[in-house]
Amino acid sequence: MDGSVVGLIIFSTILLLLASGIWVAPALIIGGGIALAMFSSVPVGSLMASTIWDASWHWPLTALPLFIWMGEILFRSSLSSDMFRGLSPWLSRLPGGLLHVNILGCGMMAAITGSSAVTAATIGRMSMRELDQRGYDPSLSIGTLAGSGTLGLLIPPSIMMIIYGVLAQQSISRLFIAGVLPGMLIIALFMIYVGIRALLNPKIAPVETTRLSFAQKMRMTGPLLPVIGLIFVVIGSIYGGYATPTEAATIGVLGAFVLSAASGSLTWRSCFEGLMSAVTMSCMITFILAPAFFLSIALGFVGVPAAIAAYVESLSLSPYMLIAILTVMYIVLGCFLEGASMMVLTAAVVIPLVTAAGFDLIWFGIFLIITIEMSQITPPVGMNLFVLQGLTGKDLGTVTRASMPFFGLMVLAIAIITVFPQFVLAPVSFITSR
Amino acid sequence: MSETSTAPSALRRFLDGLYVASGVLSALCIVGVAATTLAQVVGRFAGVTIDSTESAGFFLAGSTFLGLAYTFRRGAQIRVSLLLDRIGPAKRRVLDIWSTGAFLMATAYLVYWTFDLVHFSWKYNEISSGIIAMPLWVPRSAMAMGTLLLMISVIDTFIVMLSARQDIHEE
């Protein structure tokens, strides 16, 4: 039977299993098992056990629980209020005022934690109430938070990048370098959009009147400086080639402990809760990654990726067309699947496909992560929409409508990095070629 | 966790204790990843070569598998609840039984072949390829233990679901 037909059968089976409520990990195992049992003659059980084992102790993956842990420790410190107080004096005079705190705060929080839900929740905990009291347009304060919260996936350290790096066998350090400029691009697009909206309609953002001297501003930012220092040490040690992501993450965990002890928010209880929360999150991800490797090996055995790549090649699509189709496919999938599941499910087929089409896999990783960011704010399943729903008590429709302009801006960002791939690749070749 | 009787039975307490232990072991493994990586960093500054590639990897695998039962019982393993949240309680019960049953089958299959893998690596004395040269049945046992604990927790959930007419996985 033709490989692409087999692929169609396996993927429809997995999607059906997922829709009927079966957990992602067993659905991947069953899908891979069916592929091997029906279309090949290899011993299914022993191949499954050894593939899952091999994937589970994959060394680059060791950075994952540590970055999650680091984020969990800092999440439990006074970071939320420090961030708001530290950033607001510098941004309040811009058109759009404190809305920019949401955007830049999320951008900075993204450099601390690798997850978008944590990013949006940390910044939102403090800023939603403040913005509300000062009379900012609620739709814009929700939208900026939901949109910028997704930066947690793109700005290093990023859990999604570790997952992608492991799946596509790409250097995690290089992905971390590649994510920075696109991250800044998205921040800039968001800030420009908010600025323009505020200039066109001053009612949406009250003019902040308090004027502070430079020294006063610095005093308010003071508590934030140690965290900024920690970010520079962690990310800098990776960029400078001094440390592997895992080593940098270990230093990050230690640093997070020191900072949270110094600010007096470290207790045995918060320590234990942070660690157990990291366990939950880390197990959740690694237990869908390991079966994903099994699915990928199984599909490879029965020739699915090669057949689909050959089929797509026979269509002779232009590269732009292929990217447009993949963008639409991921947006649709992202309406129903959460980001990591979407990535592990499609990696086995899509990565050989884009390699055959001549795309750089680092560039593709950044592309994929931006589409996953968008999936965080598309209903009915969008992690950040749920976070914002929880924070504001508004219904899903309102939160979604508020987030849509930012969805559009991310589509624009994808168009920009597709037309100008240098945005992604230039820093990588600059830093690694020294 | 739903409970039909007011005083939890000894079995209930034992099982819940087992799941917490699963979580704590998993947590210790994450601390292990950090500790062995830290040893490598400190060793580099001290001029001693310590290679944590294998040990950190083994701790990671331990953390993944040993924590499965804990995360499953906390409802923290990923599933698509889109349909489940939109149907009536009777239909939901049917789908819950179906999906938990399927999870149980897949887990049982995985447990069987994982024990086979451990047995195989013990019998032929397989050794890890790095400088530790650890017999591979040791770290692989964590995978066997962890998947076994997961199977126990899925059976537990399945039985409670069938008998108590209650769904214990409230998100």
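Residues numbered from 1 in each chain as written. Chains lettered and ligands numbered in written order. Predicted model: local features only at pLDDT ≥ 70, side-chain atom pairs only at ≥ 80, totals over all residues. Heavy atoms only, no water.

### Thoughts on unusual backbone geometry
Residues and elements named next belong to chain A. Heads up, the condition is: Helix and strand definitions here come from DSSP, where helices need a minimum of 4 consecutive H or I residues and strands a minimum of 2 consecutive E residues; each element is numbered from the N-terminal end.
Residue P157 is reached from P156 by a cis peptide bond, and omega for that bond is -5 degrees. Examined against the element boundaries, P157 turns out to sit in the loop between α8 (138-149) and α9 (159-168). With an omega of 0 degrees, the peptide bond running from P379 to P380 counts as cis. Relative to the elements of secondary structure, P380 occurs in the loop between α19 (361-375) and α20 (383-392). For Q169, which is not a glycine, the phi torsion comes out positive at approximately 55 degrees. One can find Q169 in the loop between α9 and α10 (172-178).

### Let's talk about the side chain of E54 of chain B
Just so we agree on the cut-off: Only protein chains enter the area calculation, which uses a 1.4 Å probe; residues under 20% of their type maximum are buried, those over 50% are exposed, and those in between are partly exposed. By the counting scheme adopted, Arg and Lys are positive, Glu and Asp are negative, and His together with the chain ends is not counted. We count a salt bridge whenever a side-chain nitrogen from Lys or Arg sits within 4 Å of a carboxyl oxygen from Asp or Glu. When checking whether two residues touch, look at their non-hydrogen atoms; a contact exists if any pair is within 4.5 Å.
Its place among the elements puts E54 of chain B in helix α2 (residues 53-66). As a buried residue without a salt bridge, E54 of chain B has its nearest oppositely charged side chain in R140 of chain B, at a separation of 11 Å. Setting aside residues up to four positions removed in sequence, E54 of chain B forms contacts with W57 of chain A together with S128, S129, G130, I131, I132 and A133 of chain B.

### Overview of the interface of chain B and chain A
What counts here: The term polar contact refers here to a pair of N or O atoms within 3.5 Å; inside protein, the definition further demands a hydrogen-donor-capable atom paired with an acceptor-capable atom, and it admits residues adjacent in sequence only when both atoms are side-chain atoms. Each residue is assigned to one of three groups, with Ala, Val, Leu, Ile, Met, Phe, Trp, Tyr, Cys and Pro labelled nonpolar, Asp, Glu, Lys and Arg labelled charged, and all others, Gly among them, labelled polar.
Every contact between the two is made by 56 residues of chain B and, on the other side, 50 residues of chain A. Taken together, chain B and chain A are joined by one salt bridge. Notably, a salt bridge pairs R44 of chain B with E247 of chain A, separated by 2.6 Å at the nearest N-O pair. Counting every contact that joins chain B to chain A gives eight residue pairs in polar contact (both at pLDDT 80 or more). Those elements that provide at least two residues to the side of chain B that touches chain A are α1 (10-46), α2, α3 (68-73), α4 (89-123) and α5 (137-164) of chain B. Broken down by element, the side of chain B that touches chain A gets its largest block of residues, 13 residues, from α1 of chain B. Along the lines of polarity and charge, the residues of the side of chain B that touches chain A split into 35 nonpolar, 15 polar and six charged.

### What about the packing of helix α15 (residues 268-301) of chain A against α2 of chain B?
Angle between the axes and distance between the axes: these two values describe a pair of packed helices. Short version of the rule: Working convention: axes come from line fits to C-alpha atoms, limited for helices to the stretch in contact. Angles between N-to-C directions cover 0 to 180 degrees. Orientation labels follow simple angle bins: below 35 degrees gives roughly parallel, above 145 gives roughly antiparallel, 65 to 115 gives roughly perpendicular, and whatever is left gives oblique.
In the contact formed by α15 of chain A and α2 of chain B, the axes pass within 8 Å of each other and the chain directions differ by 100 degrees. Judged by the angle between their axes, α15 of chain A and α2 of chain B are roughly perpendicular. Contacts from S282, C283, T286 and F287 of chain A in α15 of chain A reach L60, S63 and T64 of chain B in α2 of chain B. Its residues assigned to classes, the contact of α15 of chain A with α2 of chain B comprises three nonpolar, four polar and no charged.

### Things to note about the confidence of the model for chain B
Quick reminder of the rule: A score between 0 and 100, pLDDT records how confident the predictor is in each residue.
Per-residue pLDDT for chain B has a mean of 88; in total, 92% of the residues score no lower than 70. Interface confidence for the predicted complex, expressed as ipTM, amounts to 0.89; the pTM equals 0.90.

### What about the nonpolar core?
All names here are of chain A. Threshold: What is meant by a nonpolar core is a set of buried Ala, Val, Leu, Ile, Met, Phe, Trp, Tyr and Cys residues, joined one to another through side-chain atoms within 4.5 Å.
Ranked by internal contacts, the top residues of the largest apolar core, which has 197 residues, are I52, F67, W69, I163, Y164 and F364. Here this core gets 16 residues from one element, more than from any other, and that element is α15. When neighbours within four sequence positions are excluded, F67 is seen to be in contact with P157, I159, I162, F176, V234, I238, P245 and A249.

### Section: the packing of helix α11 (residues 180-200) of chain A against helix α22 (residues 422-432) of chain A
Residues and elements named next belong to chain A. Taken N-terminus to C-terminus, the directions of α11 and α22 make an angle of 140 degrees; their axes are 7 Å apart at the nearest point. Taken as axis vectors, α11 and α22 run oblique relative to one another. Between α11 and α22, the residues in contact are L181, P182 and L185 and F423, V424 and P427, respectively. Its residues placed into classes, the contact of α11 with α22 shows six nonpolar, no polar and no charged.

### Side note on the packing of aromatic side chains
Heads up, the rule is: Classification of ring pairs uses Phe, Tyr and Trp, with its six-membered ring standing for Trp, and accepts pairs whose centres are within 6.5 Å; under 30 degrees between planes counts as stacked, over 60 as edge-to-face, and the remaining range as tilted. Note on criteria: charge over ring means Lys NZ or Arg CZ within 6 Å of the ring centre, with the direction from the centre no more than 35 degrees off the ring normal.
A full pass over the atoms with the stated rule returns 17 aromatic pairs over all chains. For the ring pair W23 of chain A and F103 of chain B, a centre distance of 5.1 Å and an interplane angle of 40 degrees mean the geometry is tilted. Residue W23 of chain A is found in the loop between α1 (3-19) and α2 (24-39), and its partner F103 of chain B is found in helix α4; the two belong to separate chains. Taken individually, W23 of chain A and F103 of chain B each receive the classification buried, so the pair is uniform in this respect. When the ring of F120 of chain B is compared with that of Y124 of chain B, the centres are 4.8 Å apart and the planes differ by 50 degrees; the resulting orientation is tilted. Through a chain of ring-to-ring contacts, three or more aromatic side chains come together here, namely F359, W363, F364 and F367 of chain A. Over the ring of F75 of chain A we find R125 of chain A; its NZ or CZ atom is 5.0 Å from the centre of that ring. The ring of W23 of chain A has R79 of chain B lying over it, and the distance from NZ or CZ to the ring centre is 3.9 Å.

### Details of the pattern of salt bridges
Overall, the coordinates contain twelve salt bridges over all chains when judged by the stated rule. Sharing partners across several salt bridges, the network here consists of E72, R76, R269 and E273 of chain A.

### What to know about the environment of S116 of chain A
Residue and element names in this part refer to chain A. Topologically, S116 is positioned in helix α7 (residues 116-133). Between the C-alpha atom of S116 and that of P89, which follows or precedes it by 27 residues, the distance is 25 Å. Apart from residues no more than four positions distant in its own chain, S116 is found in contact with G149, T150, G152, L153, Q376 and N384.

### Points about the environment of T119 of chain A
All names here are of chain A. Of note, T119 is situated in helix α7. The exposure class assigned to T119 is buried, which follows from its relative accessible area of 0%. A sequence separation of 62 residues divides T119 from W57, and the C-alpha atoms of the two residues are 28 Å apart.

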